[in-house]
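Chain by chain, the residues:
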Amino acid sequence: MHADGVRVVGTSTLRRVDRYSGFLEQAEEALGHPVEIISGIEEARLIYQGVIHSSPGIDGTQLVVDIGGGSTEVISGSGLEADALDSLKLGCVRISEKYFHGGKLTAQRFDRACLAARLEIQPVRARFLRNGPQRIIGASGTIRAARTVLSAIAGEPVDITLAGLEELIDRAIDAGHIDRLQLPELSTERRPVFPGGLAILIELMRAFEFEQMSVSDGALREGLLYDMIGRLTDEDARERTVRAMEGRYSVDTEQAARVEATAMLLLDQVAESWKLNDPDDRQMLHWAARMHEIGLDIALSGYHQHGAYLLEYSDMPGFPTGEQQVLACIVAGHRGKFGRNSFYDETPGTWGRRSKRLTVLLRLAVLLNRSRKDDHATEVVLRAKGDNISISVPLTLHDTGPLTWADLEREVKLLADAGLELQLERLDESDQV
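Not measured: the values here are computed from a predicted model. Every chain begins its residue count from 1, and numbering advances along the sequence as written. Side-chain atom pairs in this predicted model are given and counted only at pLDDT of 80 or more, local residue features only at pLDDT of at least 70, and totals for whole chains, interfaces and linings cover all residues. The basis for the side-chain values is all heavy atoms of the structure; hydrogens and waters are excluded.

1. Things to note about the overall build of the chain
Working definition: helices are DSSP H or I runs of at least four residues, strands are E runs of at least two. Numbering for both runs from the N terminus. Within the chain, the regular secondary structure consists of 17 helices and eleven strands. Principal axes of the C-alpha set define a box for the chain whose edges measure 90 × 45 × 45 Å. Counting the 433 residues in the chain, one finds 50% classified as buried. Residue-level accessible areas treat just the shown protein chains as cover; the underlying method is Shrake-Rupley with a 1.4 Å probe. On the chain, roughly 20900 Å² of surface is accessible, and the fraction owed to carbon and sulfur atoms is 49%. Between the averaged position of the 49 positive side-chain charges in the chain and that of its 66 negative side-chain charges there is a distance of 5 Å. Think of it in three bands: with a 1.4 Å probe and only protein chains considered, a residue is buried below 20% of the maximum accessible area for its type, exposed above 50%, and partly exposed in between. Under the counting rule used here, the positive set is Lys and Arg, the negative set is Asp and Glu, and His together with the chain ends is not counted. Note that the charge is assigned to NZ on lysines, CZ on arginines, CG on aspartates and CD on glutamates.

Here's what the structure looks like:
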């Protein structure tokens, strides 16, 4: 189909895959596209967008629930905005394997499965009931399958009800074994994990005190589509997240803008020689420059490490886990020692060398703006070929900013530890364009 925009995301199962297993590399090679592993909270955000865009609007708060194989997402919101999100380690595959192993279906096993679901849901229950939700909407496999079966039994389209779920559980117990479970319109692929899904679903409705649940045709996939559309406009959730983090951590936005402008100038000069032509490279450097000082809100000492920790482990709507790791890597390396063996080996996919080179650009941009005022950083000329780098700075900067020059001389030694050769040159006025 020659699609121009493709996103491949992994959820609960891939969140638990050993990053050194080689699976992701093989998957990316087979698909021809990078695989983004998204956090449970990001999955919840995208599900909410997919459901809300696919459902009739109402005034007031609504709950959205999605039961997957390894996790269950619960979201509360009004309109297009979610105000509470959670991802529970509770999925139809997990519950079915643990409580219905061997395919046996008994009342005692259902009681245990329901209790396990209740224990996971109860701690978050109050938070999602706080705003008095007006309706509950379900999405994805288990919930759609339950609606399909109940509608087939009723002979007409119906919503999911508590009474209907109780009837399905009774039928499962009467069957006694998964191989004998005959429910109309239930696919053979869904049948082995359906009992676990039923236990989770009925406990969700009991916990949130709803007798009836409507079902959405939209979910994660549709949410991803709307998110991709947003990235083509000014509604990119990642940009909103960056602005929110700048405000939350009291970032000096004027200094961030100076560093960003210098970093972009340097990137433009070496993008071709360093193979940093991908739009993602520019975006990563842009975001890293905007947020490189967020760690200052915690402590001055080691602020780059504090910032990296925040970027890697915060809930950042719009950012897949891999992008957060790359940002954390660039911010962690933007000052101080810059050794050969470091976190660049931990970055996903092809980001290793690229993130290292982006870090060099951010390091230089930060040094050139150490005065925190508009000087001559825009007159700097950078050249790069492999591991050899040369930077030419105006004589005025050398004369009026001796500390900046001293920092650059120190940077020569720090980059040498990482196998990079940096040469410093003075640029007189006749050389400037």
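And the narrative resumes.
2. Some points on the nonpolar core
Residues enter a nonpolar core if they are buried and are Ala, Val, Leu, Ile, Met, Phe, Trp, Tyr or Cys, with the set joined through side-chain atoms within 4.5 Å. Ranked by size, the top nonpolar core spans 55 residues in total, and within it M291, L311, L327, L358 and L361 carry the most contacts. No other element matches helix α15 (residues 351-368), which puts ten residues into this core. Leave out the neighbours within four places in its chain, and L311 touches M245, M291, I294, M316, Q324, L327, A328 and V331. Counting residues in hydrophobic clusters, the runner-up holds 51 residues, among them A84, L105, I121 and L181. Contacts are assigned to residue pairs that have any heavy atoms within 4.5 Å of one another.

3. Details of the pattern of salt bridges
Salt bridges are defined by distance alone: a side-chain nitrogen of Lys or Arg within 4 Å of a carboxyl oxygen of Asp or Glu. Summed over all chains, the structure comprises 23 salt bridges. Linking R127 and D86 is a salt bridge whose minimum nitrogen-to-oxygen distance equals 2.8 Å. Linking R127 in helix α5 (residues 107-129) with D86 in strand β5 (residues 81-88), this pair joins segments that are 41 residues apart in sequence. Overall, the relative accessible area of 30% leaves R127 in the partly exposed class. Look at D86 and you get buried, because its relative accessible area is 16%. Linked by salt bridges that have partners in common, R7, E36, E42, R45 and D227 make up one network.

4. Points about the layout of surface pockets
Of the pockets and cavities examined, the largest pocket occupies roughly 1600 Å³. Buriedness of a pocket was judged along seven lines, with at least five required to meet protein on both sides within 12 Å; pockets are open sets of points on a 1 Å grid over the protein atoms alone, cavities are sets where a 1.4 Å probe fits but cannot get out, and lining residues have an atom within 4 Å of a point. Lining the largest pocket are 49 residues, and of these V35, E36, P320, G322 and E323 lie nearest its centre. The element that contributes the greatest number of residues to the lining of the largest pocket is helix α14 (residues 321-332), accounting for five residues. Looking at the second largest pocket, its volume works out to about 660 Å³. Listed by contribution, the elements that provide at least two residues to the lining of the second largest pocket are α3 (40-52), β5, α9 (220-231) and α10 (237-248). Grid points are joined across faces, edges and corners, and a volume is the space filled by probe spheres set on the points.

5. Observations concerning the pairing of β5
Strand pairing is defined by DSSP finding a minimum of two bridges between the two strands. Taken together, the seven bridges between strand β4 (residues 72-78) and β5 define a ladder with antiparallel strand orientation. The residue of β5 that forms the bridge with S76 is A84. Linkage of β4 to β5, two consecutive antiparallel strands, is achieved through a turn of two residues, within which G79 is found at a positive phi near 65°.

6. With respect to the packing of helix α12 (residues 279-291) against α14
Axis lines are fitted to C-alpha atoms, over the contacting stretch for helices. Their N-to-C directions set the angle, which ranges from 0 to 180 degrees. Across the interface, α12 lies against α14 with an axial gap of 10 Å and an inter-helix angle of 55°. Judged by the inter-axis angle, α12 sits oblique to α14. Two packed elements cross with a definite hand, and for α12 against α14 that hand is right-handed. Touching M284, W287, A288 and M291 of α12 are E323, V326, L327, I330 and V331, all from α14. Basically, the charged four are Asp, Glu, Lys and Arg, the nonpolar ten are Ala, Val, Leu, Ile, Met, Phe, Trp, Tyr, Cys and Pro, and anything else, Gly included, counts as polar. Counted by class, the contact of α12 with α14 contains eight nonpolar, no polar and one charged residues. Note on terminology: angles under 35 degrees are roughly parallel, angles over 145 are roughly antiparallel, angles of 65 to 115 are roughly perpendicular, and the others are oblique. Here is the rule for handedness: rotate from the far helix to the near one, and if that takes an anticlockwise turn smaller than a right angle the crossing is left-handed, while a clockwise turn gives right-handed.

7. Quick look at the side chain of S55
Checked against the element boundaries, S55 lands in the loop between α3 and β3 (62-67). Two N or O atoms form a polar contact when they lie within 3.5 Å of each other; inside protein one atom must be a possible hydrogen donor and the other a possible acceptor, and for residues adjacent in sequence the pair counts only when both atoms belong to side chains. There is a polar contact of 2.7 Å between the side chain of S55 and the backbone oxygen of V51.

8. Section: the environment of R127
Along the primary structure R127 and K89 are separated by 38 residues, whereas in three dimensions their C-alpha atoms are 17 Å apart. Discounting chain neighbours no more than four positions away, the residues touching R127 are A84, L85 and D86.

9. Things to note about α9
The terminal C-alpha atoms of α9, which comprises twelve residues, lie 16 Å apart, in line with the 16 Å expected from a rise of 1.5 Å per residue. The elements touched by buried residues of α9 are β1 (8-10), α3 and α10. A helix's residues, less one, multiplied by 1.5 Å, set its expected span.

10. Some thoughts on the pairing of strand β9 (residues 381-385)
Side chains L382 and A384 project from β9 onto a buried face, and the interleaved V381, R383 and K385 project onto a face without burial. As paired elements, β9 and strand β10 (residues 388-394) share five bridges and run antiparallel to each other. Bridging across to β10, V381 finds its partner in S392. The hairpin formed by β9 and β10 contains two residues between the paired strands, and G386 there has a positive phi angle of roughly 60°.

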